[in-house]
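Each chain, written out:
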Amino acid sequence: MLDAVIFDVDGTLAETERDGHRPAFNAAFREYGLDWDWDVPMYGELLAVTGGKERMRAYCTKYRPDFLQRPDADATIAELHKAKTRHYVRFMEQGTITPRPGVLRLIRELRANGIRVAIATTTTPQNVDALLATTLKDLPADTFEVIGAGDIVPAKKPAPDIYTWVLEKLDLPASRCIALEDSRNGVRSALAAGLPVLVTQSTYTQGEDFSGSIAVLSDLGEPSAPCHALSGQINGSSLVDVALLRRLHAV
Ligand code: XBP
Ligand code: MG
């Protein structure tokens, strides 16, 4: 029985990293008079570490070690992150980030079939709220029954904690759910929580090692724009729908 589908957010529901999170970090750096600038390739490297505060700290360790010597380094990173969240929400309100192919279609179909949907993400809760209010505004407000986000658990992906937290709130065993992810860190997190996981590869996660996943797909597909499998089998399907998820889950 497939009772619930748990969605990752960044890269899975929408391509938020390159033109959402990345410029929001840069705007925060400018606001604080820092000469840090994360271009597209640099940000790809930095995505190896999940969580914005953790990502800034990892950047400093490698590229700005002097900054970490400042007595107020941690407090400044926390302030920068608050500013980054404010900029991110503002960018989302400009309405340029669209859902990935098949996302709205699949979520509506899941709900129509009584399958519960939830979110497990490392991003900050305000960012999820902003995405729901803009990119995903066509979904009913109560679509996602459980939203696990950000610092609600101490250890971010690839640790299993956020998925385990969501499973507890859903009151479901991992075996009755599927996770949808776009990154290796996300796959590792879901697998460590005992969840089967299907991957829709995103801009920044092309070619990552998704071992352990059911299959790696280009996207979820639309009737007018079929998806394709990059590895694994989707039984000749050209889009991910409830019937396919049930078949994949039963294997
Ligand atoms: C998303 C992340 C987050 C965002 C930034 O990963 O790693 O850190 O990039 O969000 P996933 P915050 O898709 O695996 O959840 O700055 O709010 O942390
Ligand atoms: Mg992701």
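Since the structure is predicted, the reported quantities are computational estimates derived from the model, not experimental observations.

Enquirer: How should the packing of helix α1 (residues 17-31) against helix α3 (residues 52-63) be read in this particular structure?
Expert: Each packed pair of helices is defined by two parameters, the angle between the axes and the distance between the axes. Where α1 meets α3, the closest approach of the two axes is 13 Å, and the angle between their N-to-C directions is 65°. The handedness of the crossing between α1 and α3 is right-handed. On α3, the residues touching E17, F25 and F29 of α1 are G52, R55 and M56. Of the residues in the contact of α1 with α3, the class split is three nonpolar, one polar and two charged.

Enquirer: Is there a simple way to explain the site of ligand 1 in this structure?
Expert: Inspection of the region around ligand 1 gives 18 residues, with E17, G52, R55, K84 and T124 positioned closest. The side chain of T123 places a nitrogen or oxygen atom 2.8 Å from an oxygen atom of ligand 1. In the environment of ligand 1, an oxygen atom lies 3.4 Å from a nitrogen or oxygen atom belonging to the side chain of K157. Among the secondary structure elements, those contributing two or more residues to the shell around ligand 1 are α1, α3 and α5 (73-93). The biggest single contributor to the shell around ligand 1 is α1, with three residues. Across the shell around ligand 1, the residue classes break down as two nonpolar, ten polar and six charged. When residues of the shell around ligand 1 are sorted by domain, at least three fall in each of domain 1 (4-15 + 98-250) and domain 2 (17-93).

Enquirer: Before we go on, may I ask you to explain the domain arrangement of the protein in this structure?
Expert: The accessible area lost on association of the parts is a frequent measure of interface size. Domain annotation for the protein reports domain 1 (4-15 + 98-250) and domain 2 (17-93). Relative placement of domain 1 and domain 2: their C-alpha centres are 25 Å apart. Note on domain 1 versus domain 2: buried area summed over both sides is about 1,400 Å², and carbon and sulfur give 53% of it. At the junction of domain 1 with domain 2, the criterion picks out two salt bridges. For the salt bridge of E54 with K156, the shortest nitrogen-to-oxygen distance reads 2.8 Å. Joining domain 1 to domain 2, the criterion identifies six residue pairs in polar contact (both at pLDDT 80 or more). The element contributing the most residues to the side of domain 1 that touches domain 2 is helix α7 (residues 125-133), with four residues. Partitioning the side of domain 1 that touches domain 2 into residue classes produces three nonpolar, eight polar and five charged.

Enquirer: Even after reading the chapter, I still don't get the coordination of the magnesium ion (ligand 2), so can you show me in this structure?
Expert: Between any two of four tetrahedral donors, the ideal angle at the metal is 109.5 degrees; between two of six octahedral donors, it is 90 or 180 degrees. At this site the magnesium ion (ligand 2) is bound by D8 (OD), D10 (O) and D182 (OD), with donor distances of 2.1 to 2.2 Å. Overall, D182 belongs to the buried group, its relative accessible area being 5%.

Enquirer: Got a minute to help me understand the side chain of N26 in this structure?
Expert: Inspection of the secondary structure assignment puts N26 in helix α1. Beyond its immediate sequence surroundings of up to four residues, N26 is in contact with W36, D37 and W38.

Enquirer: Is there a simple way to think about the pattern of salt bridges in this case?
Expert: Side-chain pairs of opposite charge can arise where the charged atoms are in close proximity. For the structure on display, the rule yields 16 salt bridges. Two residues, E145 and R116, come together in a salt bridge whose shortest N-O distance is 2.6 Å. With E145 in strand β3 (residues 144-149) and R116 in strand β2 (residues 116-121), this residue pair connects regions lying 29 residues apart in the sequence. A single salt-bridge network, built from bridges that share partners, covers K53, E54, D151 and K156.

Enquirer: What exactly am I supposed to notice about the pairing of β2 here?
Expert: Strand residues, when the strand is regular, have side chains that alternate between the two faces of the sheet. Extensive coverage of β2 is indicated by the burial of five of its six residues. Alignment of strand β1 (residues 4-7) against β2, held across four bridges, turns out to be parallel. Looking across to β2, one finds that I6 is bridged to A118. Across five bridges, the pairing between β2 and β3 is parallel. Counterpart to A120 in the pairing with β3 is G148. On the question of chirality, the crossover connecting β2 to the parallel β3 by way of α7 is right-handed.

Enquirer: Mind showing me how you'd approach the packing of α1 against α5 here?
Expert: Where α1 meets α5, the axes come as close as 8 Å, and the angle between the chain directions of the two elements is 130°. Viewed along their axes, α1 and α5 adopt a mutual orientation that is oblique. Regarding α1 and α5, the two cross each other, and that crossing is right-handed. For the pair formed by α1 and α5, the contact residues are G20, H21, P23, A24, F25, A27, A28, F29 and E31 on the first element and L80, A83, K84, R86, H87, Y88 and F91 on the second. Of the residues in the contact of α1 with α5, the class split is ten nonpolar, three polar and three charged.

Cut-offs applied
Residues numbered from 1 in each chain as written. Chains lettered and ligands numbered in written order. Predicted model: local features only at pLDDT ≥ 70, side-chain atom pairs only at ≥ 80, totals over all residues. Heavy atoms only, no water. Axes fitted to C-alpha atoms, helices over the stretch in contact; angles between N-to-C directions. Helix = DSSP H or I, 4+ residues; strand = E, 2+ residues; numbered from the N terminus. Left-handed = near helix turned anticlockwise from the far one by under 90°. Contact = heavy atoms within 4.5 Å. Nonpolar A, V, L, I, M, F, W, Y, C, P; charged D, E, K, R; others polar. Near = heavy atom within 4 Å. Polar contact = N/O pair within 3.5 Å; in protein donor to acceptor, adjacent residues only side chain to side chain. Domains from an automatic or database assignment. Buried area = accessible area lost by both parts, 1.4 Å probe. Salt bridge = Lys/Arg side-chain N within 4 Å of Asp/Glu carboxyl O. Donors = N, O, S within 2.8 Å, 3.2 Å for Na, K, Ca; no water. Buried < 20%, exposed > 50% of the residue type's maximum accessible area, 1.4 Å probe, protein only. Pairing = 2+ DSSP bridges. Right-handed = clockwise from strand over helix to strand, strands pointing away. Parallel < 35°, antiparallel > 145°, perpendicular 65-115°, else oblique.

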